[in-house]
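Now for the letters of each chain:
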Amino acid sequence: MKMRIETDSLGEVSLPDERYYGAQTQRALEHFQIGDHRFPREVIKAFGLVKKAAALTNADLNLLAPFKAEAIITVCDEVIRGDLDAEFPLLIWQSGSGTQSNMNANEVIANRANVLLGSGKGKKQPIHPNDDINLSQSSNDVFPTVMHLAALDQLQNKLLPALLEMEAELANQSTRFAQIYKIGRTHLMDATPMTLGQEFSEFAAEIAFNRQNIADARKPLYEIALGGSAIGTGLNTHPAYAEKVAETLAALTGFPLITARNKFSALASHQALVHASSCLRTLATDCMKIANDIRWLGSGPRCGLAELKLPGNEPGSSIMPGKVNPTQAEALTMIVARVLGNDVTIGFAGSQGNFQLNVFKPIMIYSLLESITLLSDGCGSFTEFCLRGLEPRVDVMKRYLESSLMLVTALSPIIGYDRAAQAVKTAQETQRSLRDVVIEQGDLTPEKYDEVISPEAMTRPGL
């Protein structure tokens, strides 16, 4: 392999000549061989957007020569498209400010731009990775901005559409199942009647709440740290830079970005990311509830609740022929476990802003993006391969409903709580129907019993 020599402030470094990255990236590759967790594509794309916005702004402020800006912008577009993804090999386990990844971007863009301008890799002429690509910037304000852009990208383009689709399917089933009567359950025990549509309306409402909650969580992410420089004072930046670069980045991304009102907070405390993670945690807890309810309702098919018939997507056992398992629910509940763990990580990392800088940035954005991806894909898969194919087993629900002793609840206002409780106790002990016992006790005539014990009326009291 042909090698070349580049230099940084610590001296010379040998690295593969085919690579566009430089000395600091090579040092990071050698010194941070920890695990295999790499930043996803949206982080690389965000670096391209930030560096492009900075170049456009610096050129507009006459801080960067037009020919340099043009070359830089050309390369940034390549980064944004994904043409140079192989040049971003660093792991998340690095400096807590993301300095190595920021310099990785600076080196790649500078070397590639110099090649386009007829110079060579590692020459740092005419374009320098620090003096030109990192002009008016610091890793400390670049990386937080990258974090916000990557999170917004995935929330907007992956998670919110997946939740909208899931909510729509659940709402559709709520309508479809509106006339299917069943027994409700509290404490895992029989309760009063409801419709299957009402049960699914709960699921739809929970997803709707979370979708709106997550949509609202984007607003704090619109504030970006660029212009804060090293510690938030804006040292080495033009007075107009912060607002102009935010406007430029907003135009490039379509997000209503604004410069952070307090740059010190933007560097030292990542409240917006912690808050976004908390919204993902809330979604995850509801996904656990929905997935568990549906797999319990589909348990069986003969010795469980068996009120729902779940899609048989694949064989469920290597030893029990014909067994089919609720695998989509199991996958979603495992995702929940991971998301809850990521939220703990993000919460702890967010608490570690010492003085003017939080140095847990890479693990925060990695964990948040993983949670977004898992929830997006998991909810999409659950909608497609579980919700859309499930069918109600009306005969089972009718049998449970007719045999339930909790229908007695409708009798309490008529015969009194104590007489109603005695009827339940007698029916349970003698294994007889509630109807027979109530009539035998002389509490109601058969006609009156049938009038009062109406599942339809019990599911819509007052109508």
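Details of the structure are given in the entry above.
My aim in this report is to walk through the structure given alongside it, one point at a time. (Residues numbered from 1 in each chain as written. Predicted model: local features only at pLDDT ≥ 70, side-chain atom pairs only at ≥ 80, totals over all residues. Heavy atoms only, no water.)

### Observations concerning the overall build of the protein
Then, number 1: Along the protein, the regular secondary structure elements total 19 helices and 10 strands.
Then, number 2: What you see for the protein is a C-alpha radius of gyration of 30 Å, clearly larger than the 23 Å of a compact globule of 463 residues, by over 25%.
Then, number 3: For the C-alpha atoms alone, the extent of the protein along its principal axes is close to 100 × 50 × 35 Å.
Then, number 4: In the protein, which comprises 463 residues, the share counted as buried stands at 51%.
Then, number 5: Residue pairs at least 24 apart in sequence account for 72% of intrachain contacts in the protein once pairs closer than 6 positions are excluded.
Then, number 6: A total accessible area of about 21200 Å² is found for the protein, and carbon and sulfur atoms account for 54% of it.
Then, number 7: The averaged location of the 52 negative side-chain charges in the protein is 2 Å from the averaged location of its 43 positive side-chain charges. (Helix = DSSP H or I, 4+ residues; strand = E, 2+ residues; numbered from the N terminus. Rg over C-alpha atoms; globule rule 2.2 N^0.38 Å. Buried < 20%, exposed > 50% of the residue type's maximum accessible area, 1.4 Å probe, protein only. Contact = heavy atoms within 4.5 Å. Areas by Shrake-Rupley, 256 points an atom, 1.4 Å probe, with all protein chains shown as cover. Lys, Arg positive; Asp, Glu negative; His and termini not counted. Charge placed at Lys NZ, Arg CZ, Asp CG, Glu CD.)

### Points about the packing of aromatic side chains
Then, number 1: Counted under the stated rule, the structure contains 5 aromatic pairs.
Then, number 2: Taken together, Phe39, Phe47 and Phe143 form an aromatic cluster joined through their ring pairs. (Phe/Tyr/Trp six-rings, centres within 6.5 Å; stacked < 30°, edge-to-face > 60°.)

### What to know about the packing of helix H11 (residues 271-297) against helix H12 (residues 327-350)
Then, number 1: Running from amino to carboxyl end, H11 crosses H12 at an angle of 160°, the nearest separation of the two axes being 9 Å. Between H11 and H12, the angle is such that the two are roughly antiparallel. Remark: the crossing between H11 and H12 carries left-handed chirality.
Then, number 2: Its residues placed into classes, the contact of H11 with H12 shows 13 nonpolar, 6 polar and 4 charged. (Axes fitted to C-alpha atoms, helices over the stretch in contact; angles between N-to-C directions. Parallel < 35°, antiparallel > 145°, perpendicular 65-115°, else oblique. Left-handed = near helix turned anticlockwise from the far one by under 90°. Nonpolar A, V, L, I, M, F, W, Y, C, P; charged D, E, K, R; others polar.)

### A word on the pairing of strand E4 (residues 189-195)
Then, number 1: Pairing between strand E3 (residues 181-186) and E4: 5 bridges, direction antiparallel. Directly across from arginine 185, in E4, lies its bridge partner aspartate 190.
Then, number 2: Linkage of E3 to E4, two consecutive antiparallel strands, is achieved through a turn of 2 residues, within which histidine 187 is found at a positive phi near 60°. (Pairing = 2+ DSSP bridges.)

### A word on unusual backbone geometry
Then, number 1: Residue glutamine 125 is joined to proline 126 through a cis peptide bond whose omega torsion reads 0°.
Then, number 2: With respect to the helices, strands and loops of the structure, proline 126 is situated in the loop between helix H4 (99-116) and helix H5 (129-133).
Then, number 3: Phi is positive for lysine 124, close to 60°, though the residue is something other than glycine.
Then, number 4: Mapped onto the fold, lysine 124 is located in the loop between H4 and H5.
Then, number 5: Positive phi, normally seen in glycine, also occurs at serine 136, with a value near 70°.
Then, number 6: As for its position among the elements, serine 136 is in the loop between H5 and helix H6 (139-176).

### What about helix H13 (residues 361-385)?
Then, number 1: The end-to-end C-alpha separation of H13 is 36 Å, in line with the 36 Å expected for 25 residues at 1.5 Å each.
Then, number 2: Along H13, 18 of the 25 residues are buried, which leaves the element largely enclosed by surrounding structure. (Expected span 1.5 Å × (residues − 1).)

### Describing the nonpolar core
Then, number 1: By size, the foremost hydrophobic cluster in this structure holds 104 residues, and its most contacted members are Ile294 and Phe382.
Then, number 2: The leading source of residues in this core is H6, at 14 residues.
Then, number 3: Discounting residues that sit within four places of it in the chain, isoleucine 294 has contacts with Phe200, Phe203, Leu308, Leu310, Phe382, Cys386, Leu387 and Leu390.
Then, number 4: Judged by nonpolar contacts, the second largest core, of 20 residues, contains Leu401, Leu405, Leu411 and Ile415. (Core = buried A, V, L, I, M, F, W, Y, C linked by side-chain atoms within 4.5 Å.)

### Looking at the pattern of salt bridges
Then, number 1: Inspection of the entire model under this criterion finds 31 salt bridges.
Then, number 2: In this structure, lysine 45 and aspartate 153 form a salt bridge, with 3.1 Å as the shortest nitrogen-oxygen distance. Pair noted here: lysine 45 is in helix H2 (residues 41-60) and aspartate 153 is in helix H6, with a separation of 108 residues, a long-range link.
Then, number 3: Judged by relative accessible area, lysine 45 falls into the partly exposed class, the value being 28%.
Then, number 4: The partner of lysine 158 in a salt bridge is aspartate 377, and the shortest N-O contact between them spans 3.5 Å. Residue lysine 158 is found in helix H6, and its partner aspartate 377 is found in helix H13; the two are separated by 219 residues along the sequence. (Salt bridge = Lys/Arg side-chain N within 4 Å of Asp/Glu carboxyl O.)

### Brief notes about the pairing of strand E2 (residues 11-16)
Then, number 1: Both strand E1 (residues 3-8) and E2 contribute to a ladder of 6 bridges, which runs antiparallel. In the strand pairing of E2, arginine 4 is matched with leucine 15.
Then, number 2: Hairpin remark: E1 followed by E2, antiparallel, with 2 residues in the connecting loop.

### Here we look at the packing of H2 against helix H9 (residues 241-253)
Then, number 1: Relative orientation of the contacting elements H2 and H9 amounts to 130°, with a least axis distance of 9 Å. Relative to H9, the element H2 lies oblique. Like other packed secondary-structure pairs, H2 and H9 cross with a definite hand, here right-handed. Note on element contacts: H9 touches H2 through Tyr241, Lys244, Val245, Thr248, Leu249, Leu252 and Thr253, opposite Leu49, Val50, Lys52, Ala53, Ala54, Leu56, Thr57, Asn58 and Asp60.
Then, number 2: A per-class count over the contact of H2 with H9 returns 9 nonpolar, 4 polar and 3 charged.

### Quick word on the environment of aspartate 343
Then, number 1: Position of aspartate 343 relative to the elements: it lies in helix H12.
Then, number 2: Among the polar contacts made by the side chain of aspartate 343, one reaches the side chain of serine 277 at a distance of 2.6 Å. (Polar contact = N/O pair within 3.5 Å; in protein donor to acceptor, adjacent residues only side chain to side chain.)

### As for the side chain of serine 229
Then, number 1: Examined against the element boundaries, serine 229 turns out to sit in the loop between strand E5 (223-224) and H9.
Then, number 2: At 2.7 Å, the side chain of serine 229 and the backbone oxygen of leucine 235 are in polar contact.
Then, number 3: For serine 229, the residues in contact, after removing those within four places along its chain, are Ser138, Asn140, Asp141, Gly234, Leu235, Thr237 and Leu267.

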